[in-house]
Amino acid sequence: MTQNSELKTQNFKKDPYAALRIPDFSLYISARFVMTIAMQIQTAMIGWQVYDLTRDPLSIGYIGLAEALPALSISLYAGHIADKMSRKKIILFCFSAYFIFAFGLLLLNTDFFRQDLFNNNPLRIVNAMYAIIFLTGVARGFSGPAFAAFRAQLTPREIFANASAWASTSWQTGAVLGPALMGIIFASFGALPTYGVVCTLTLVSVTAISFIAPKAIPQMTEGESIYERLTSGVRFVFKNQILVGALSLDLFAVLFGGAVALLPVFARDVLHVGPVGFGYLRAAPAFGAVFMALFLAFKPPVENAGRNLLFCVAGFGVCMIVFALSKSFALSLSVLALSGALDSVSVVIRSTIVQMLTPESMMGRVSAVNTMFIGSSNEIGQFESGIAAKLLGTVPSVVFGGIMTLVVVGVVTATAPKIRNLHLNKID
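Residues numbered from 1 in each chain as written. Predicted model: local features only at pLDDT ≥ 70, side-chain atom pairs only at ≥ 80, totals over all residues. Heavy atoms only, no water.

What about the overall build of the chain?
Argument step 1. If you tally the helices and strands in the chain, you get 17 helices and 0 strands.
Argument step 2. For the chain, buried positions account for 57% of its 428 residues.
Argument step 3. Counting contacts in the chain only where the partners sit at least 6 residues apart, residues at least 24 apart contribute 87% of the total.
Argument step 4. Summed over its atoms, the accessible surface of the chain is roughly 17,400 Å², and 67% of this surface lies on carbon and sulfur atoms. (Helix = DSSP H or I, 4+ residues; strand = E, 2+ residues; numbered from the N terminus. Buried < 20%, exposed > 50% of the residue type's maximum accessible area, 1.4 Å probe, protein only. Contact = heavy atoms within 4.5 Å. Areas by Shrake-Rupley, 256 points an atom, 1.4 Å probe, with all protein chains shown as cover.)

What follows is the structure, given as structure tokens:
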């Protein structure tokens, strides 16, 4: 490499906008941003409607279970498919399915379906929503590994951390806007226009993905059986202490420490702030995450990454405990925003670790394992939160989750020294 090319590479790595200067990556995060808004509006809307119809926190938990079960069941196969087919085509197919399911939710809120077909029976309406959520989980099971693996094909390795920060920013910004928009649109216009916005945004996201240039299909390893390909991602992850430690931290933090699933209960019965206040509470974690992700785009967390990861997950657990005990809307918003900021650090570090340690030909399968650890843990965590709230009560269940998050951090700190000493800029 010449001196000029080395200087160019160094400047590229230091440029906080390096990933955004790549047109295909810009289209990618634009699609991610718009789809995130759509899915966050839809998720918040479903949570509010299901609890409004049932007044049972366990019914909120069933929402997560309905989506997680199909996603988890097909994750390994979806990762295999993402490593042998066009990832762009998989994403387009799944995003188109999201539109169909969102349109189904829209129809479910029409008078014809609610009154004529379901006789305004809450149980029948909720069960129909669960069915649509289940189908959405199937599509998400295939889109998750493909979408994560596709990103690795859009940027050079030396700016993976920068790309992760901007990808996190786009997701978190959408997660801020989505619930807030849901509260405003639903309170002002009702359910039908809210789901209409979801349908429109989903089509916009499909359009953005369609403009990304096709990428090469990864080269398959000769002689591998289908069983070996399905399980190779799991074996690869569990042989690497850094990957196992990083994924375990996020898995258990989300599984035990997430209060988001119970926000309809807190908004209605604890803080008494209604649907608009619920939208703000739902958006608060992502609001904090946006500012942190933007900061990380300018200052990637490469030094002392492992120590920072442990600190941030522990801080997330503390935030959940404070939120559970809070009776102040302002304090609740503040600690949720702080929890989002801390979570953003762990998301950027974890996604950078996965991309830097995984061969491109295995990215789909390893991303599938990541989806099983992290993606579906949101929904399984939602189910766990519903059960815990049913058994312990809403506030004690969130306190318990925060304490368990701190316990997990302690266990990983003690058993995974490579995590404690991790520096991203020293990974080969």
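Some thoughts on the packing of aromatic side chains
Argument step 1. A complete count under the given rule lists 12 aromatic pairs for this structure.
Argument step 2. Their ring planes at 20 degrees and their centres at 4.5 Å tell us that Y28 and F147 sit as a pair that is stacked. In this pair, Y28 is assigned in helix α2 (residues 23–54) and F147 in helix α6 (residues 122–152), connecting sequence segments 119 residues apart. As far as burial versus exposure is concerned, Y28 and F147 are alike and both buried. (Phe/Tyr/Trp six-rings, centres within 6.5 Å; stacked < 30°, edge-to-face > 60°.)

Section: helix α11 (residues 263–270)
Argument step 1. Among the residues making up α11, those that are buried are L263, P264, V265, F266 and A267.
Argument step 2. Each element contacted by the buried residues of α11 is listed here: α2, α3 (57–82), α12 (274–298), α13 (305–325), α14 (329–357) and α16 (394–415).
Argument step 3. Of the residues flanking the end of α11, it is H272, one or two places downstream, whose phi is positive at about 55 degrees.

Structural notes on the nonpolar core
Argument step 1. Core analysis: the largest hydrophobic core is formed by 109 residues, its most contacted members being F25, Y28, I46, F95 and M129.
Argument step 2. When residues of this core are assigned to their parent elements, the largest contribution, 15 residues, is made by α2.
Argument step 3. Excluding residues within four positions of it along the chain, I46 makes contact with I63, L105, M129, I133 and Y195. (Core = buried A, V, L, I, M, F, W, Y, C linked by side-chain atoms within 4.5 Å.)

Quick notes on the pattern of salt bridges
Argument step 1. Applying the stated criterion to the full structure yields 7 salt bridges.
Argument step 2. Measuring nitrogen to oxygen at the nearest pair gives 3.4 Å for the salt bridge that ties E67 to R140. With E67 in helix α3 and R140 in helix α6, the pair connects residues that are 73 residues apart, well separated along the chain. Here the two residues E67 and R140 agree in accessibility, since each one is buried.
Argument step 3. A salt bridge links R87 to D83; its shortest N-O distance comes to 2.7 Å. Across the pair, exposure class does not vary: R87 and D83 are buried alike.
Argument step 4. In this structure, a network of salt bridges that share partners links the residues D52, R55 and R268. (Salt bridge = Lys/Arg side-chain N within 4 Å of Asp/Glu carboxyl O.)

Focus on helix α7 (residues 160–189)
Argument step 1. Between its terminal C-alpha atoms α7 stretches 42 Å, which fits the 44 Å expected from 30 residues at 1.5 Å a residue.
Argument step 2. Counting buried positions over the 30 residues of α7 gives 21, a clear majority of the element.
Argument step 3. At the exit of α7 stands G190, carrying a positive phi of roughly 105 degrees. (Expected span 1.5 Å × (residues − 1).)

Some points on a nonpolar patch on the surface
Argument step 1. Taken together, the side chains of V318, V322, L331 and L406 define a hydrophobic patch exposed on the protein surface, amounting to about 280 Å² of accessible area.
Argument step 2. Here L406 lies in helix α16. (Patch = residues over 30% accessible without salt bridge, like charges linked within 9 Å, V, L, I, M, F, W, Y side chains within 5 Å.)

Thoughts on the packing of α7 against α12
Argument step 1. For the pair α7 and α12, the least separation of the axes is 7 Å and the interaxial angle reads 165 degrees. It follows that α7 is roughly antiparallel to α12 by the angle criterion. Judged by the sense of rotation from one axis to the other, the crossing of α7 with α12 is left-handed.
Argument step 2. Residue composition of the contact of α7 with α12, by class: 22 nonpolar, 7 polar and 1 charged. (Axes fitted to C-alpha atoms, helices over the stretch in contact; angles between N-to-C directions. Parallel < 35°, antiparallel > 145°, perpendicular 65-115°, else oblique. Left-handed = near helix turned anticlockwise from the far one by under 90°. Nonpolar A, V, L, I, M, F, W, Y, C, P; charged D, E, K, R; others polar.)

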